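# Examining the three-dimensional arrangement
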Amino acid sequence: MLSQDVAGAPVNGAEGAGVKPYNLVSVRGLRKVYNTRSGEKIEAIREISMEVKEGEFVSLVGPSGAGKTTLLNILLGLLPYTSGEVRYKGELLRGPRRDVGIVFQEPVLFPWRTVLQNVLLPAEVIGIDKKVALERAKSLLEMVGLKDFLNKYPAEMSGGMQQRAAIARALVHDPTLLLMDEPFGALDALTRETMNLELLRIWKQTGKTIMLVTHSIPESIFLADRVIVLGVRPSRIAADVEIDLPRPRSLDMISTDRFGELNKVVRKSLEVSLPAGEEH
Amino acid sequence: MVSSSQPLVVLEVGEDDAPKIKFSERIPDWVLLSATFLVLLGLWQLAINIFNPPPYIIPSPTALGLALWSAATDYNLYVNVGVTAEEVAIAFVVAAVLACSMGLLVTENRVCERIILPYVIAIQSVPKVAIAPLIIIWFGFGITSKIVIASMLAFFPIFVNVVTGFKAIDQRQLMLMRSLCASRWQIFFKLRLMTAFPYLFAGLQIAAVLASLGAIVGEFVGAKQGIGSMIIRSQTEMDVANVFVGVVALSIMVSILHASVKAVSKKVVFWTEFEDKSEA
């Protein structure tokens, strides 16, 4: 009996190591050093390791210069990293991937295209069947509340509406992961609240994995399953806070005690991550 | 929540910005402009009646009107206008094609940029009008020499604008395209070309005027036909009224050319109109 167990152990171990499942996003020991033109080296990211499961909503918060955008660009496959490894669906990330969607702080719509044409852009680039793409674009635009604005040009719409169109565009090619870089940072507070609720609804409806960068601690908590706090440059992960608020979330949860506690936890880790003298 | 965001948009339009326009603001532009024109004509006629200058110095508006009428009914004017128009049109097209292709070459290829750009800048500093006599010696008294001079003048504004336009690409729009693994061609046609178009058309509008200027200067220096040679001939004959006829004919021609370029530009780069409006 004993010998059998011993004999079996290495086999199991080897199997476990070989088929060990990667999460959707797996970042291990990521480091990024920029070489400036003057030959100076700037360490933007010292060491980041994180796992994001499929279907999860993760917020990334951190002060300016915490390398949030750097991290996002690396995840987009647009920026090479210095060392460590970034895996997406288990594969090493070697460049941009078509199963990732991006929403920037500004809508970044093409002004010469109508809303519908803008949403169709990724489908055109990727070469998705026109009929399929059109149907999908229309249903996405309906989902974000723009079905009456298909043929409007971006300049004819408000900032909030433009950002909805940008979200629809990011989803049209059905990516598994949606990256959002402070998507509501340029909107007024009221529109921002509305957009937060909309985003949660879209997330629930589409089942996408979302990684959202934000400056706002309440926003990060309100939306996410998990808040990852990045420390100031060279950045590391200062905290990884599980958000155990029930879903579906509603705006009145912001005034609950639990929300307040989570807010305090995230804020505290943010303050700790700031170097001495820069506290406010 | 979707519905709650809609009234926000409606409010932006506002309801009470229609009234409160002063009477003077409501007079159409064309009424003001033609009234001013008539007043100036009247003053001119009055000055002629009072000071009575010889007609070879300055004709009265009535004499000019008669000269215009007799010229308008003389097919000779149309031959001259036709020649100049032909020179300008060919020069405009030649300049546009050359400037666009060289602009493209310079922005697409670093080596071409380093070879071509310094020369173009150096040549630009030469006053093209000053070498018009040389061009006449090389290309003769026919329309070829005028086309050369006119296209030299028209080339630079188009070239400079095309180069600026191809470099004016929005970094986030480019990031979006790259994140979708867009090919070089897709980025070119869906983004860079569209970004360059407004610049191109701004250059074309300037070029239309400069091409006309170039053609006239060429005709001044030496030509058998054209509005320029008509003006010079009238000058040597002390026929000032006919000089004015040439100037008026030229102005009308340039205005039509400029207006048509502008009209085409409005159609092609319609989205720049939105931007102007939103800034106002």
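Since we're looking at a predicted model, the values are computed, not measured.

### Structural notes on the nonpolar core
In terms of nonpolar packing, the biggest core is built from 81 residues, with Leu60, Val119, Ala168, Val172, Leu179, Val227 and Val229 of chain A touching the most fellow members. By residue number, the principal contributor to this core is helix α5 (residues 159-171) of chain A, which donates seven residues. Residues Ala67, Ala99, Ile136 and Leu257 of chain B belong to the second largest nonpolar core, which totals 51 residues.

### Let's talk about the interface of chain B and chain A
Taken together, the contact pairs 23 residues of chain B with 25 residues of chain A. Counting only elements with at least two residues in the side of chain B that touches chain A, the list comes to α1 (2-13), α9 (171-179), α10 (184-221) and α13 (271-279) of chain B. Sorting elements by how many residues they give to the side of chain B that touches chain A places α9 of chain B first, with seven residues. Per-class residue counts for the side of chain B that touches chain A are 13 nonpolar, six polar and four charged.

### Structural notes on the environment of Val97 of chain B
All names here are of chain B. Take Val97: it is sitting in helix α5 (residues 75-108). For Val97, a count of 12 C-beta atoms within 10 Å translates into the label exposed. C-alpha of Val97 to C-alpha of Ile158: the two residues are 61 residues apart in sequence and 9.5 Å apart in space.

### Comments concerning α5 of chain A
In a regular helix each residue adds 1.5 Å, so 13 residues correspond to 18 Å; α5 of chain A covers 19 Å between its end C-alpha atoms and thus fits that length. Taken together, the buried positions of α5 of chain A are Gly160, Met161, Gln162, Gln163, Arg164, Ala165, Ala166, Ile167, Ala168, Arg169, Ala170 and Leu171 of chain A.

### As for the confidence of the model for chain B
Residue and element names in this part refer to chain B. In the predicted model, chain B carries a mean pLDDT of 88, and 91% of its residues have values of at least 70. Between residues 1-15, whose pLDDT stays under 50, and residues either more than four places distant or in other chains, the model counts eleven contacts. Our summary of model confidence lists the complex with pTM equal to 0.80 and ipTM equal to 0.84.

### Examining the packing of helix α11 (residues 227-236) of chain B against helix α12 (residues 240-268) of chain B
Residue and element names in this part refer to chain B. The geometry of α11 relative to α12 is characterised by a closest axis approach of 8 Å and an angle of 165° between their N-to-C directions. Taken together, the axes of α11 and α12 lie roughly antiparallel to each other. For the crossing formed where α11 meets α12, the hand is left-handed. For the pair α11 and α12, the contacting residues are Ile227, Met230, Ile231, Ser234 and Gln235 in the first and Asn242, Val243, Gly246, Ala249 and Leu250 in the second. Looking at side-chain class alone, the contact of α11 with α12 contains six nonpolar, four polar and no charged residues.

### Brief notes about the packing of α10 of chain B against α12 of chain B
All names here are of chain B. Packing of α10 against α12 leaves a shortest axis separation of 10 Å and a crossing angle of 170°. One finds that α10 runs roughly antiparallel with respect to α12. α10 and α12 meet at a crossing whose hand is right-handed. Residues Phe197, Phe201, Leu204, Gln205, Ala208, Val209, Ser212 and Ile216 of α10 lie in contact with α12, whose contacting residues are Leu250, Met253, Val254, Leu257, His258, Val261, Lys262, Ser265 and Val268.

### Brief notes about unusual backbone geometry
A cis amide bond links Arg247 of chain A with the next residue in sequence, Pro248 of chain A, at an omega value of 0°. Positioned with a positive phi, Asp174 of chain A is a non-glycine residue whose angle comes to about 55°. Along the chain, the position of Asp174 of chain A falls in the loop between α5 and β7 (177-181). You will see that Asn52 of chain B, though not glycine, has its phi angle at about 50°, which is positive. Structurally, Asn52 of chain B is set in the loop between α3 (29-51) and α4 (61-72).

Definitions and cut-offs
Residues numbered from 1 in each chain as written. Chains lettered and ligands numbered in written order. Predicted model: local features only at pLDDT ≥ 70, side-chain atom pairs only at ≥ 80, totals over all residues. Core = buried A, V, L, I, M, F, W, Y, C linked by C-beta atoms within 7 Å. Buried ≥ 20, exposed ≤ 12 C-beta atoms within 10 Å, placed from the backbone. Helix = DSSP H or I, 4+ residues; strand = E, 2+ residues; numbered from the N terminus. Contact = placed C-beta atoms within 7 Å. Nonpolar A, V, L, I, M, F, W, Y, C, P; charged D, E, K, R; others polar. Expected span 1.5 Å × (residues − 1). pLDDT = per-residue confidence, 0-100. Axes fitted to C-alpha atoms, helices over the stretch in contact; angles between N-to-C directions. Parallel < 35°, antiparallel > 145°, perpendicular 65-115°, else oblique. Left-handed = near helix turned anticlockwise from the far one by under 90°.

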